[in-house]
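# Structural overview
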Amino acid sequence: MMSDLIEYDSLFIGGDWVTPDSSEVITVVSANTEEVIGRVPEASERDVDRAVAAARVAFDDPGGWSSWPAARRAEAMRRLAAALESRGAEIVERVSGQNGMPRVIGEQLEAMFPATLLRYYADMVENAATEETRPGLFGGNTLVTRTPAGVVGAIIPWNFPQALAGFKLAPALAAGCTVVIKPSPETVLDSYLLAEAIEEAGIPHGVVSIVPGGREIGAYLVAHPQVDKIAFTGSTAAGRSIAKVCGELLRPVTLELGGKSAAIILDDADLPASLQNLFGACLLNNGQACYLGTRILAPRSRYDEIVDTFTSFAGALTVGDALDPATQVGPMVSARQRERVEGYIAKGRNDGARVTTGGGRPKDLDRGWFVEPTVFADVDNATTIAQEEIFGPVLCVIPYGDVDDAVRIANDVDYGLGGSVWTTDPDRGLDVARRVNTGTIGINGYLPDPTAPFGGIKASGLGRELGPEGLAAYQQIRSVYLDK
Ligand code: NAD
């Protein structure tokens, strides 16, 4: 448990610990206890100017980071991976204390994933050529080069603060970019551990700066004249507003936004054998993950059995303090988020769906922003709880007739980020997976992998992170027509 207040009075800008421009402070409250657990300075516009200026200088320096041989950058990234790993336990404490992420998930995703990504992209740039000579059709050759995109503004949400910073930082650093990270105000405490790791790893001054702040500071960074590329993860509403600004500026942008994915249970699925994977695909992180399959599509031939299985499974989950190793479902990140989830539960009831388990607050927890794992049965896919992202531990079971009907329902939504198909026949699973309009989908599970491009279609976003495609998002491609 956290006891001591975590307090910082400086900002990590340009590789130094600097005095903030203003006296504004971000106060962090624990999702588990509702107690204040930390305070950090809030960056002002002037602080963002300093961070971007340092990133600009570091990027434009003729002997600097962007011009280093890939192997030298890769070595620095491996040092950063080690420095982050050595802070793994502290990262988990801070993340789970702030946002309610169950400890076991924090250990895998927050403490481990960024280091894995840094090593993955370090290996990639060390081994992949950034120049290629291509024979032309009109005679002569073209030299095709990949150069770093420039100064990156990276805007991070609170639900996976370290992992999603890593999704951006690792490929950006590998490509030779410099980065200004804006963490979410709910999860600023762990960003200081990242800053300390960057310092310990000897990443050159100005290559990474961190500006804690809310949406205004995020918007200021997005529109900053000295920034070359924006990488954003967050809500679709914020993504649309960022896309408008980047459209006007013709500034490259990657947007990882919300989702409302389907978990399609086929009539041959082995549910008892799939429960652990279903939990990861549908309820991970207290339902606060963008790709979760929160619409459970159930064949009418097995409908009652599937409703019963999800009802008893969700009803038996251990809800409690995220820092308790036994906890499977922790609290919502904030009072506001809990109100939002409870608003959707009320809306679902009003719209005629049937609550089969949960629907309220756990009786035995009088502190923390908890919501009981909740299952709605008899949900109409046209209703609000089936169409809008709830971002809490709430599942909607929707009946379907045949497989065509299941695919139609899965695709009948504004989003297209994740999804899953559950079956004992892998070929059938793949056939259905191919028909779902989504950026990513799993068969009998859902587990994003560093090598696999991740991102959405429709209202779930633009562009891809992870894999070689994630590196390409931080590179400019140029052609030099060689002398014929
Ligand atoms: P949010 O959009 O409110 O905030 C995300 C981040 O953007 C925060 O750092 C916030 O300060 C900043 N921000 C907000 N408005 C901004 C603006 N106009 N300009 C610049 N910055 C701005 O989202 P949230 O509530 O923090 O996160 C939850 C949302 O994120 C959910 O909708 C979820 O689906 C989505 N999400 C998507 C992915 C993905 O990879 N697709 C991953 C995690 C979360």
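Procedures and definitions
- The residue numbering used here restarts from 1 in each chain and proceeds along that chain's sequence as written.
- Selection of residues for local features in this predicted model requires a pLDDT of at least 70, selection of side-chain atom pairs for listing and counting requires 80 or more, and totals for whole chains, interfaces and linings are taken over all residues.
- Note that the side-chain values use all heavy atoms of the structure and ignore hydrogens as well as water.
- Comment: elements are numbered from the N terminus, with helices defined as DSSP H or I runs of at least four residues and strands as E runs of at least two.
- Burial status follows relative accessibility: with a 1.4 Å probe on protein chains alone, a residue under 20% of its type maximum counts as buried, one over 50% as exposed, and anything between as partly exposed.
- We define a polar contact as two N or O atoms separated by no more than 3.5 Å, with the added condition that, inside protein, one atom must be a possible hydrogen donor and the other a possible acceptor, whereas residues neighbouring each other in sequence contribute only through side-chain atom pairs.
- Contacts are residue-level and defined by heavy atoms, with any inter-residue pair within 4.5 Å sufficient.
- We call a residue near a molecule or strand as soon as one heavy atom of that residue lies within 4 Å of the molecule or strand.
- Here, Shrake-Rupley sampling with a 1.4 Å probe gives the accessible areas, and only protein chains in the shown set may cover a residue.
- We call Asp, Glu, Lys and Arg charged. Ala, Val, Leu, Ile, Met, Phe, Trp, Tyr, Cys and Pro are nonpolar, and the rest, Gly among them, are polar.
- UniProt positions are given in the numbering used here, feature names are shortened, and annotations may be inferred rather than shown by experiment.
- Any two of the Phe, Tyr and Trp rings considered here, Trp counted by its six-membered ring, make a pair once their centres fall within 6.5 Å; the pair's planes then place it as stacked at under 30 degrees, edge-to-face at over 60, or tilted in between.
- A pair of strands is considered paired only if DSSP assigns at least 2 bridges between the two.
- Expected helix span is given by 1.5 Å per residue-to-residue step, counting one fewer step than there are residues.
- Only C-alpha atoms enter the line fits that serve as axes; for helices the fit covers just the stretch in contact. Angles between N-to-C directions range over 0 to 180 degrees.
- With respect to orientation, any angle under 35 degrees is reported as roughly parallel, any angle over 145 as roughly antiparallel, any angle of 65 to 115 as roughly perpendicular, and every other angle as oblique.
- Throughout, a crossing is termed right-handed when the near helix is turned clockwise from the far one, and left-handed when it is turned anticlockwise from it by less than a right angle.
- In this entry, domain limits derive from an automatic or database-based domain assignment.
- Once two parts are joined, some of their accessible surface, as seen by a 1.4 Å probe, is lost; buried area is that loss totalled over both.
- By definition here, a salt bridge exists when the distance from a side-chain nitrogen of Lys or Arg to a carboxyl oxygen of Asp or Glu is within 4 Å.

### Points about the side chain of Thr309
Topologically, Thr309 is positioned in helix H11 (residues 303-315). Residue classification places Thr309 among the buried positions, given a relative accessible area of 18%. A distance of 2.8 Å separates the side chain of Thr309 from the backbone oxygen of Glu305, its partner in a polar contact. Residues in contact with Thr309, not counting those within four places in the same chain, are Leu271 and Leu275.

### Regarding the site of the ligand
Lining the immediate environment of the ligand, one finds 27 residues, of which Ile156, Ser235, Leu257, Cys290 and Glu389 sit closest. Ile156 is positioned such that a nitrogen or oxygen atom in its backbone is 2.8 Å from an oxygen atom of the ligand. At a separation of 3.5 Å, a nitrogen atom of the ligand approaches a polar backbone atom of Glu256. Protein burial of the ligand: of its 840 Å² of free accessible surface, 92% is covered by the chains. Of all elements in the fold, only helix H8 (215-222), strand S11 (229-233) and helix H9 (236-249) reach the threshold of two or more residues within the shell around the ligand. Taken together, the residues of the shell around the ligand sort by class into 14 nonpolar, nine polar and four charged.

### What to know about the UniProt feature "active site" (unreviewed entry) in the protein
Residues given the UniProt feature "active site" (unreviewed entry) here are Glu256. Tracing the chain through its elements places Glu256 in strand S12 (residues 253-256). According to the relative accessible area criterion, Glu256 is buried, its value standing at 4%. Those residues in contact with Glu256 that lie beyond four places of it in its chain are Phe232, Thr233, Gly234, Phe454, Gly455, Gly456, Ser460, Gly463, Arg464 and Glu465.

### A short note on the packing of aromatic side chains
Each aromatic ring pair is characterised by the separation of its centres together with the angle its planes make. A full pass over the atoms with the stated rule returns 11 aromatic pairs. Geometrically, the ring pair formed by Tyr8 and Tyr192 is stacked, given 3.9 Å between the ring centres and 20 degrees between the ring planes. Taken as a pair, Tyr8 in the loop between strand S1 (6-7) and strand S2 (11-13) and Tyr192 in helix H7 (residues 189-200) lie far apart in primary sequence, 184 residues in all. For Tyr192, a relative accessible area of 3% corresponds to the buried category. Here the aromatic rings of Trp17 and Tyr192 are separated by 6.0 Å at their centres, their planes lie at 20 degrees, and the arrangement is stacked.

### A short note on the UniProt feature "domain: Aldehyde dehydrogenase" (unreviewed entry) in the protein
Here, the residues flagged by UniProt with the feature "domain: Aldehyde dehydrogenase" (unreviewed entry) are residues 17-480. For residues 17-480, the end-to-end C-alpha separation is 42 Å, with 40% helix and 19% strand making up the annotated structure.

### Topic: the sheet that holds S11
Read from one edge of the open sheet, six strands run S10-S9-S8-S11-S12-S22, paired in mixed fashion. The open sheet has two free edges, formed respectively by strand S10 (208-210) and strand S22 (461-462), since each of these has just one partner strand. As paired strands, S11 and S12 are joined by four bridges and run parallel to one another. Bridge pairing links Thr233 to Glu256 in S12.

### With respect to helix H1 (residues 45-60)
Taking 1.5 Å of rise per residue, 16 residues should cover 22 Å, and H1 covers 22 Å from first to last C-alpha, within 8% of that figure. Looking at H1, one finds that the buried residues are Asp47, Val48, Ala51, Val52, Ala55, Arg56, Ala58 and Phe59. On the buried face of H1, the contacting elements are S2, strand S7 (141-148), strand S8 (151-155), strand S9 (178-182), S10 and H8. Structurally, the start of H1 carries an N-cap: the backbone nitrogen of Arg46 is 3.2 Å from a side-chain oxygen of Ser44.

### Section: the packing of helix H6 (residues 161-175) against H7
Their axes nearest at 10 Å, the elements H6 and H7 cross at an angle of 45 degrees. For the element pair H6 / H7, the angle class is oblique. As for how H6 packs across H7, the hand of that crossing is right-handed. In this structure, H6 contributes Pro161, Gln162 and Leu169 to the contact, and H7 contributes Asp190, Ser191 and Leu194. In terms of residue class, the contact of H6 with H7 is built from three nonpolar, two polar and one charged.

### A look at the domain arrangement of the protein
Reports often express the size of an interface as the amount of accessible area lost when the parts come together. Here the domain parsing of the protein yields domain 1 (6-257 + 460-482) and domain 2 (262-449). Summing both partners gives a buried area of about 2400 Å² for domain 1 against domain 2, and 58% of it is carried by carbon and sulfur. For domain 1, the biggest contributors to the area lost against domain 2 are Asn32, Trp158 and Ser460; these three give 23% of the whole. Along the contact surface separating domain 1 from domain 2 lie one salt bridge. Residue Arg367 pairs with Glu35 through a salt bridge whose shortest N-O separation is 2.8 Å. Across the domain 1-domain 2 interface, the total number found is 12 residue pairs in polar contact (both at pLDDT 80 or more). Among the elements of the structure, helix H3 (88-99) and helix H4 (103-110) are those that each provide at least two residues to the side of domain 1 that touches domain 2.

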